[in-house]
Each structure stands twice: as C-alpha cells, then as structure tokens.
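Take a look at the letters that make up each chain.
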Amino acid sequence: AGNKLAAFAPSILTADGAQSSVRGLALSADGATLYIGGGQFATVNGKDRRGAAAIDRTTGQITRPFAPDLSDTNPNDGVVQIYDIIPYGNALYLCGDWWLTEGGVANGGWGEENSDGRQANLGRFDPITGKADLSWTPWTNGGVQGCDIDPIAGLLVAVGHFDKFGGSADLADAVPVSKGLAAFDLQSSNPIDWRPGVKNADNFDAQLWAAEVAGGRIAVGGQFEMLDSLDQEGAASFSFN
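Every chain begins its residue count from 1, and numbering advances along the sequence as written. Whole-chain, interface and lining totals are the exception, using all residues; otherwise, since this is a predicted model, local features are given only for residues with pLDDT of at least 70 and side-chain atom pairs are given and counted only at 80 or more. Side-chain measures here rest on the full set of heavy atoms in the structure, leaving out hydrogens and waters.

*Asks:* How would you explain the packing of aromatic side chains if you had to name every residue and give the values?
*Replies:* Aromatic contacts are taken between Phe, Tyr and Trp rings whose centres are within 6.5 Å, Trp giving its six-membered ring; a plane angle under 30 degrees counts as stacked, one over 60 as edge-to-face, and the others as tilted. The final tally for this structure, using the stated rule, is four aromatic pairs. Relative to Phe165, the ring of Phe162 lies with its centre 6.1 Å away and its plane at 80°, an arrangement referred to as edge-to-face. For Phe165, a relative accessible area of 1% gives the class buried. Only protein chains enter the accessibility calculation, which uses a 1.4 Å probe; a residue is then buried when its area is under 20% of its type maximum, exposed when over 50%, and partly exposed in between.

Below, the structure written as structure tokens:
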C-alpha cells in the first residue's frame, strides 16, 4: 500500500511556491481522472492551474488540459478558492470564491468588479478543457462554500456566506436578501423563488458550509441558529416546497 500511495504525488503549490491545500474532490465518469479544487493553489505539477485542476487518479499527473480561467481581484483576498466540484451530465460545476471568469468583461457584467456586488463564485465548465459556459451565469455577492445538484428538479443548490444572488438579468441591489442559501435552474441559470430564512438569533454571521441533496430533500450544515422562525442549530433538512 505504501508504494501505491507514494506513486500518487502531485505538486500543488501557491503562487510563491509554498505547499497548498485541496478542499474539493470529484471523479470523472470513467473514474480515471480526479478533479481537485483548492484554497490557494496556482500551479499543479508546474503548470498554471488557479484553484482547479484535473489529474490522473492513480499517478497524480496532469492528463487533461482542464484549466478554468478564474481570477480574483478582491483587495482583501485575491486568490481563487474552489470548495466544491460537481460532475453532472456533460459538464463540471465549480463552486467557490472568485470574482472573474475568463476576464468577466464579455459576460455582460457577470463576475465584474462593479458596485452592485455581483461575483462569479459558481459556474459551469467543459470537463476536458475547463472552458466556461458563458451562457450560464448565476452569481452571488459572497463565496459559495458548498453545492449539490437536484437532478429531479433540475437545480443547483448553493450555500455559503453570501446574502444576495441572481441570474444574468439581475442586479444585486434589485434582489431580496437571503442569507447563504440559493437554488439555480440548470438550464437558465436563474435562481428560483425560494428563500428560506437561515439566520442567527442576532441576525449576524449566519453561514452555510455544506449541502447535500437526496430523496427530494436538501440537507445543509453550517453556523446558524434559526431556520425561518424555528430554532434549528447547525444542521437542517427540508424541501423546496
């Protein structure tokens, strides 16, 4: 077992050459490729890979050109962070904390640094090349710590430390506040009209960190004390209805 583990030794480094962390993992449909998402990495095996990469599951070597063009120009936290990776259909969904996807400018405001607070933070990508699907442009105004897909409802559920969210036609100052929880249509990228109230008793610092969809229900975990008006601490399970 030791020799097999030693053979899997990808070099995952920050921009200044320090060791970096991996926070999200997912396997390709054939099980041969391991997608990794990280907290601060900039290179994998010496190749430019900002926050996301695809490596061989057995050897750790890069076998695909998968390299999403992600960047973060937040003056307080200027690194791409990927927390969750969801393969589904012919695409790969990334959820995390970044501001610009493929430069942002061509996307009609999505992912740009503008005063309404829209940030990318989640997107749909080609699983081979990492090219973004620029027709699918949901946004949140804060990082997405976890996500999962409901294949029956056709939705991506996202959780994190955001309090506003929308689709390609929405501006951040035009949408209602909903702390840390949203669901986006897989076809249109627009959010559905579903805003359960997740909060702390003092209304501050409620955050969601993980989501799981199964059997028509959504389970979430994080730092919160109330769900709507009910006491519900740290974990909850509910439906879209």
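*Asks:* So, the sheet that holds strand β16 (residues 181–185): which residues are in play, and what are the values?
*Replies:* Backbone hydrogen bonds hold the strands of a sheet together, and the pairing may be parallel or antiparallel. Here, any two strands with at least 2 DSSP bridges between them count as paired. Numbering of helices and strands starts at the N terminus; helices are DSSP runs of H or I of at least 4 residues and strands are runs of E of at least 2. Pairing in this open sheet of three strands is antiparallel, and the strands run β13-β14-β16 from one edge to the other. A single partner strand is all that each edge strand has here, and the edge strands are β13 (144–150) and β16. Geometrically, the sheet is characterised by an average inter-axis angle of 20° between neighbouring strands, direction not taken into account. One ladder, built from six bridges, connects β13 with strand β14 (residues 155–160); its direction is antiparallel. When the bridges of β14 are listed, Asp148 appears paired with Val157. Note on definitions: angles span 0 to 180 degrees between N-to-C directions of axes, and those axes are lines fitted to C-alpha atoms, for helices only across the stretch in contact.

*Asks:* I'd like to hear about the state of the cysteines, residue by residue, with values.
*Replies:* As used here, a disulfide is simply a covalent bond connecting the sulfur atoms of two cysteines. By convention in this document, the label disulfide applies to cysteine sulfur atom pairs within 2.5 Å. What the rule picks out here adds up to one disulfide. Cys95 shares a disulfide with Cys147; S-S distance 2.1 Å. Given an S-S torsion of about 105°, the disulfide between Cys95 and Cys147 has right-handed geometry. Of the two residues, Cys95 is situated in strand β9 (residues 91–97) and Cys147 in strand β13; the sequence distance between them amounts to 52 residues.

*Asks:* How would you summarise the pattern of salt bridges if you had to cite specific residues and measurements?
*Replies:* Here, a salt bridge means any side-chain nitrogen of Lys or Arg that lies within 4 Å of a carboxyl oxygen of Asp or Glu. Evaluation of the coordinates by the stated rule reveals four salt bridges. Between Arg50 and Asp48 there is a salt bridge, with its nearest N and O atoms 3.9 Å apart. Take Asp48: its relative accessible area is 47%, and that puts it in the partly exposed class. Arg50 serves as the salt-bridge partner of Asp69, at 3.3 Å between the closest nitrogen and oxygen.

*Asks:* Quick rundown of the confidence of the model for the protein chain? Include the residues and the values.
*Replies:* Per-residue confidence for the protein chain gives a mean pLDDT of 82; residues scoring 70 or more make up 81%. Summarising per-element confidence for the protein chain, the mean pLDDT is lowest in helix α1 (residues 2–7) (52) and highest in β9 (96). What pLDDT expresses is the predictor's confidence in each residue, scored from 0 to 100. Contacts are assigned to residue pairs that have any heavy atoms within 4.5 Å of one another. Confidence drops under a pLDDT of 50 for residues 1–5, and excluding neighbours within four residues, the segment shows zero contacts in the predicted structure.

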